[in-house]
Amino acid sequence: MQRKIIHVDMDAFYASVEQRDDPALRGRPVVVAWKGARSVVCAASYEARKFGVRSAMPALRAEKLCPQAIFVPPDFSRYKAVSRQVRAIFARHTDLIEPLSLDEAYLDVTAPIKDLGSATAIAADIRATILQETELTASAGIAPNKFLAKIASDWNKPNGQFVVKPSMVDAFLAPLPVGRLPGVGKVMEAKLAELGIATCTDLRALGAQALEARFGRWGLRLHELSLGIDEHPVQPERPTLQISSEDTFASDLHLSDLEPHIRRLAADTWRGYAKEWQQHPGRIARTVVLKLKTADFRILTRSLTATAPPTSQQQLAEIACRLRERVELPAQTRYRLVGVGLSGFVEPDDSPLQEDLFD
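Quick look at the structure, then. Residue numbers run consecutively from 1 along every chain, following the written order of its sequence. Given that the model is predicted, a residue must reach a pLDDT of at least 70 before its local features are reported, and side-chain atom pairs must reach 80 or more before they are shown or counted; all residues, however, enter totals for whole chains, interfaces and linings. By convention in this description, side-chain values take in all heavy atoms of the structure and omit both hydrogens and water.

Looking now at the overall build of the protein chain. Per the secondary structure count, the protein chain includes 13 helices and 12 strands. Here the C-alpha radius of gyration of the protein chain, 23 Å, is about what a compact globule of 359 residues would show, namely 21 Å. C-alpha atoms of the protein chain, sized along the principal axes, occupy 60 × 55 × 50 Å. Looking at the protein chain as a whole, 43% of its 359 residues are labelled buried. Counting contacts in the protein chain only where the partners sit at least 6 residues apart, residues at least 24 apart contribute 64% of the total. Think of it this way: any DSSP run of H or I at least four residues long counts as a helix, any run of E at least two long counts as a strand, and we number them from the N terminus. Our radius of gyration looks at C-alpha atoms and nothing else; its globule reference is 2.2 Å times the residue count to the power 0.38. Accessibility here uses a 1.4 Å probe with only protein chains present; expressed as a share of the type maximum, an area under 20% marks a residue as buried, one over 50% as exposed, and anything in between as partly exposed. By definition, residues are in contact when any of their heavy atoms lie within 4.5 Å.

So this is what it looks like as structure tokens:
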């Protein structure tokens, strides 16, 4: 049976919640961020986006781009509460819901709970219900697979929807810039441009064999995407891939000054690991990750997958601290952020060790 997938994406979610809850913010450029030299933008209203303000940019740059912007500190407890409301609306239509974040999710409505005649009608009903019950708008993409639905949800933003029917896939993708394909960032886009590839039509013309020879398995994946092929199902419970904690400093620090911060973050990460263990006993994290961001916003990660995974908060902290030795930047380099993570999870059947890790 041909899948019917909906990707729902709330419009400027954090900023829209703030504008909903404070009428004085409506129609004005709102930036959700702590105002200051070390802060980054969590979200921007559409009024602020007109000035070039985007999520993840430094708050100082956002302030320069839009001096009249109103900065509002994030309130994630409120955003999570609204997200739960929205997911409850999804659940009226299907049990197959794959959340990607607080503000977006995939829904498989191939066999819906509430049959409204078509996936397009279901998407319209979901959006109308979200507006009625939360006073917020959402956009939706409807397509035969996940990657097409995600692209489609951005087509008529904000407060719109777009459907890519199976018969439309080839024509829809043909002129699409390769930068719109999942996994194609600026670096890959530049590499493809060197080969004269700018659109999906160009990818198809080069062919699977040439793409595989140049990029390996990823080249084959690119060829499949250019043809609209994506067999990944909607996964209601995606397994945790990484548990991490990070912090941005009030002032930049040298690598040698980071140990107390690494140990503090290791404690936070270990607590998160314990919670994951309660939900999925026996699932072991084998890889320790140290993340660093330099003063000029360069991101570095160093990781270690040891024969024996860490068995305590102290071991996690020790390994993370030692990973600093693998950072090869000059000693005078300063860092604005550090993070400690655990990844490389293996399932209980694959890991007979540490069955009583948190007992």
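Moving on from the model shown.
The sheet built from 5 strands is open, its strands ordered 5-6-1-7-8 with mixed pairing. The open sheet has two edge strands with one neighbour each: strand 5 (97-101) and strand 8 (161-163). With direction set aside, neighbouring strand axes in the sheet form an average angle of 15 degrees. DSSP bridges decide pairing: two strands pair if at least two such bridges lie between them. Both strand 5 and strand 6 (residues 104-108) contribute to a ladder of 4 bridges, which runs antiparallel. Paired with Pro-99 across the two strands is Ala-105, which belongs to strand 6. Across the sheet, helix 6 (residues 146-153) lies against strand 1 (5-10), strand 5, strand 6, strand 7 (138-143) and strand 8, angled at about 145 degrees from strand 7, the strand it touches most. Comment: axis = line fitted to C-alpha atoms, over the contacting stretch for helices; angle = value between 0 and 180 degrees taken between N-to-C directions.

Before going further, it helps to spend a moment on the pattern of salt bridges. Definition used for salt bridges: Asp or Glu carboxyl oxygen within 4 Å of a side-chain nitrogen of Lys or Arg. Here the structure, examined in full by the defined rule, presents 21 salt bridges. A salt bridge links Lys-291 to Glu-246; the shortest N-O distance between them is 3.1 Å. Separated by 45 residues along the polypeptide, Lys-291 in strand 10 (residues 284-294) and Glu-246 in strand 9 (residues 242-254) bring together distant segments of the chain. Given a relative accessible area of 25%, Lys-291 falls into the partly exposed group. With a closest N to O distance of 2.9 Å, Glu-318 and Arg-263 form a salt bridge.

Glancing now at the packing of helix 4 (residues 76-90) against helix 5 (residues 119-134). Packed helices, taken two at a time, are described by their axes: the angle between them and the distance between them. One can describe the packing of helix 4 onto helix 5 by two numbers: an axis separation of 10 Å at closest approach and a directional angle of 140 degrees. For helix 4 against helix 5, the interelement crossing comes out right-handed. Together, Gln-85, Val-86, Ile-89 and Phe-90 of helix 4 and Ile-126, Thr-129, Ile-130, Glu-133 and Thr-134 of helix 5 make up the contact between the two elements. Here the nonpolar group is Ala, Val, Leu, Ile, Met, Phe, Trp, Tyr, Cys and Pro; Asp, Glu, Lys and Arg are the charged ones; every other residue, Gly included, is treated as polar. Across the contact of helix 4 with helix 5, the residue classes tally to 5 nonpolar, 3 polar and 1 charged. Rotating anticlockwise by less than a right angle from the far helix to the near helix defines a left-handed crossing, while the corresponding clockwise rotation defines a right-handed one.

Our next topic: helix 5. In this analysis, the expected span of each helix is defined as 1.5 Å times one less than the number of residues it contains. Spanning 16 residues, helix 5 covers 22 Å between terminal C-alpha atoms, matching the ideal 22 Å at 1.5 Å per step. Here helix 5 has its buried residues at Ala-119, Ile-122, Ala-123, Ile-126, Arg-127, Thr-129, Ile-130 and Thr-134. Each buried residue of helix 5 sits inside an arc of 165 degrees when the element is viewed along its axis, so together they form one side. Residues of helix 5 that are buried make contact with strand 1, helix 1 (13-21), helix 4, strand 6, strand 7 and strand 8. Looking one or two residues past helix 5, Glu-135 carries a phi angle of roughly 65 degrees, positive in sign. This arc describes the spread of directions from the helix axis toward the C-beta atoms.

The next thing to look at is the packing of aromatic side chains. Whether two aromatic rings pair depends on their centres lying within 6.5 Å, for rings of Phe, Tyr and Trp, where Trp uses its six-membered ring; planes under 30 degrees apart make the pair stacked, over 60 edge-to-face, and the rest tilted. Under the criterion given, the structure shown has 10 aromatic pairs. When the ring of Tyr-14 is compared with that of Phe-76, the centres are 5.5 Å apart and the planes differ by 90 degrees; the resulting orientation is edge-to-face. Linking Tyr-14 in helix 1 with Phe-76 in helix 4, this pair joins segments that are 62 residues apart in sequence. Overall, the relative accessible area of 16% leaves Tyr-14 in the buried class. Taking the relative accessible area as the measure of exposure, Phe-76 reaches 32% and is therefore partly exposed.

The subject of this paragraph is the sheet that holds strand 12 (residues 334-346). Spatial strand order, 9-12-10-11: 4 strands in an open sheet with antiparallel pairing. The outermost strands of the open sheet, each flanked by one partner alone, are strand 9 and strand 11 (299-305). On average, each strand axis in the sheet is tilted by 15 degrees relative to the strand beside it, whichever way the strands run. Strands in contact with helix 12 (residues 259-279) are strand 9, strand 10 and strand 12; relative to strand 12, the strand with the most contacts, it is inclined by about 25 degrees.

Below, the discussion takes up the pairing of strand 10. Side-chain direction in a regular strand flips from residue to residue, so the side chains alternate between the two faces of the sheet. Burial runs high along strand 10: 9 of the 11 residues are buried. Where strand 10 lies against strand 12, 10 bridges are found, and the strand directions are antiparallel. Of the residues in strand 12, the one forming a bridge with Lys-293 is Leu-337. A loop of 4 residues connects strand 10 with strand 11, the two strands running antiparallel in sequence, and Phe-297 in this loop sits at a positive phi of about 70 degrees.

Without other data, these values stay purely geometric and don't point to any function.
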